[in-house]
Amino acid sequence: MTSASTTRGTTRGTTHRSTPLDRRSLLTRGAALAGGVTAAAAGLTATAAPAQAAEPSATGALIGPDDPRYPLLTTGNNQRYVARPDYVKMIRSTRDAEQALAAAHRAGKRVSVRSGGHCFAPLVCNPEVEVILDFSEMTDVGYDPARRAFYVEPGARLLNVYEALYKGWGVTIPGGICYSVGAGGHIAGGGYGLLSRAHGLVVDHLYAVEVVTVDERGRVRTTVATREPDDPHRDLWWAHTGGGGGNFGLVTRYWFRSPDARGSAPEDQLISPPSRVLVHAVDLPWEDLDEARFTRLLKNFGAWHEANSAPDSPYRHLSSLFNVSSRAHGSLGMFTQVDATVPGARKLLDDYFAAITADTGLTARPMAKGNGEIPHLPNLAEPREMPWLNAARLVGTNNPTITNPMSRAAHKSGYMRRNFSDRQIAALYKYMTRPDFQNPDTMLVLFSFGGQVNAVAPDATANAQRDSVFKMTFQTFWPDERDDDFYLDWIRGLYAEFFAESKGVPEIGGRTDGCYINYCDTDMADPRHNRSGIPWHTLYYKDNYPRLQQVKKRWDPGNFFRHALSVEPAGK
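Residues numbered from 1 in each chain as written. Predicted model: local features only at pLDDT ≥ 70, side-chain atom pairs only at ≥ 80, totals over all residues. Heavy atoms only, no water.

## Considering the pairing of strand β12 (residues 318–325)
Here β12 lies mainly inside the structure; eight of its eight residues are buried. Residues Leu318, Ser320, Phe322 and Val324 of β12 are buried on one face, and the alternating residues Ser319, Leu321, Asn323 and Ser325, pointing to the opposite face, are buried as well. The sheet contact formed by β12 and strand β13 (residues 331–339) spans six bridges and is antiparallel. Bridge assignment links Leu318 to a residue of β13, and that residue is Val338. Linking β12 back to β13 in an antiparallel pair, the connection comprises five residues, with Gly330 at a positive phi of about 105°. (Buried < 20%, exposed > 50% of the residue type's maximum accessible area, 1.4 Å probe, protein only. Helix = DSSP H or I, 4+ residues; strand = E, 2+ residues; numbered from the N terminus. Pairing = 2+ DSSP bridges.)

Next comes the structure, spelled out in structure tokens:
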């Protein structure tokens, strides 16, 4: 697919307007809604001169309630959240996005935006949504020589992005491990993964973004905003470096070029992953743990990351995913990856694991079964070296707990700047060993952070958490709606006790540093659960929120794009 900005004449710092699609063009596409909802009733009748018809291949389907695809497209990765929109519009091109946005705005429809469907909260699928704009068919990845940057469309799944970039040019972005996450939301929220300690966040390499926006009068325009200092639309680029999805407009393309890129060769414009990595996966069985050993293990993890997460640490080439699972699972699981090309890679790995298990008396065992994001990896108890892309496939594609299409789930997050307190570990042990809790698909995920993530100033991107040492995700999964209250009470109770010293949330500064917007949690906006007096937007954006509000005021002054945790325009 050719870059839309090239074919339609947008260049850095420029915008253009589009006019809505007329009813005749719509109907010739065969996209009238089923079930008695007409195109006109859906708000898709033109009130202005029709635009030139889009190419059929660039126009996505319009899916109504009677379409067999409708149930699939009105929910996502978390089956707790289901929408009942008037229609779902599949988007296949920038022009398609412009026309869909114009039609929805003209009809006064409440919209939500989806790229991959991994939203942890009801920001996309909720009862208020009348139109879902779905970008999952926009999946192209390539190189744009005019911008000297790689482009990624929002519907591309992360593993497909890695495959395309690495096989084509030997480059990558330091993104997440779950293969089925869509690039659109992952990037807008900041994006991180196993390469982030060595190379920073995904958005530290974001060069430009193409966004379709609408003003209060319904005028739609598409803008390419870059990080260039003289770009008059640079604020729109900045808002997409951690400002979260569904806030400012419809992202139709991202471009990536690392800040230190030189020359003109494509392979020099973006980071290269290690050619080979050393990987290690083990179980630490619950049968070998009592509260004292559990406490020592967690303290060791926190202390090591406090000591080894500076931007220039030799351990920036090592990253670990530690699933502190419930006793019902049977074991805690740890996956560690280190760049095998750095001197002493095996020693870095051995010293890390020795530090984590020091004074616990624990002996690692082969990973007997999958554990959250970590698949069943019984052959990695002895570290093995393999090509980087093979490792990315290994840990990213076989995680049935996370990608089970029937799962209901709850998620909460927190950044840690220092080690756990005794009270936090006591709360975790209490809830993970509670006698009435028998769900094996429950864990606190501890993810190595810091390193080059912390080399960037907190206001350089919208993602403000730039001095944390590890990140946490509290999560539990279950299949039956009848159990919702039990599991929600459990995870809310754990989170409240874990952060009891700061009234139920990871306060800004001190030991903790707020929450991650891609692990969105509407409880942070609910005073029944957030008793701290710290606004939800401070927990997610810290001091960057007022600037995000100014961007919102400029690009979405009518607050058309909104959800339970959306940025409010300044002055509202």
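## What about the packing of aromatic side chains?
Considering all chains together, one arrives at 38 aromatic pairs under this definition. For the ring pair Phe420 and Phe498, a centre distance of 6.2 Å and an interplane angle of 85° mean the geometry is edge-to-face. Of this pair, Phe420 sits in the loop between β16 (408–416) and α13 (422–432) while Phe498 sits in helix α14 (residues 484–498), and the two are 78 residues apart along the sequence. Assessed through its relative accessible area of 1%, Phe420 is described here as buried. Relative to Trp490, the ring of Tyr431 lies with its centre 6.1 Å away and its plane at 70°, an arrangement referred to as edge-to-face. Of this pair, Tyr431 sits in helix α13 while Trp490 sits in helix α14, and the two are 59 residues apart along the sequence. Classification of Trp490 as buried rests on a relative accessible area of 1%. Taken together through their ring pairs, the aromatic side chains of Phe301, Phe322, Phe420, Phe470, Phe474, Tyr495, Phe498 and Phe499 make up a single cluster. Directly above the ring of Tyr151 sits Arg253, whose terminal nitrogen or CZ lies 4.0 Å from the centroid. (Phe/Tyr/Trp six-rings, centres within 6.5 Å; stacked < 30°, edge-to-face > 60°. Lys NZ or Arg CZ within 6 Å of the ring centre and 35° of its normal.)

It is worth stressing that arrangement in space is one thing and function is another; only the former is reported here.
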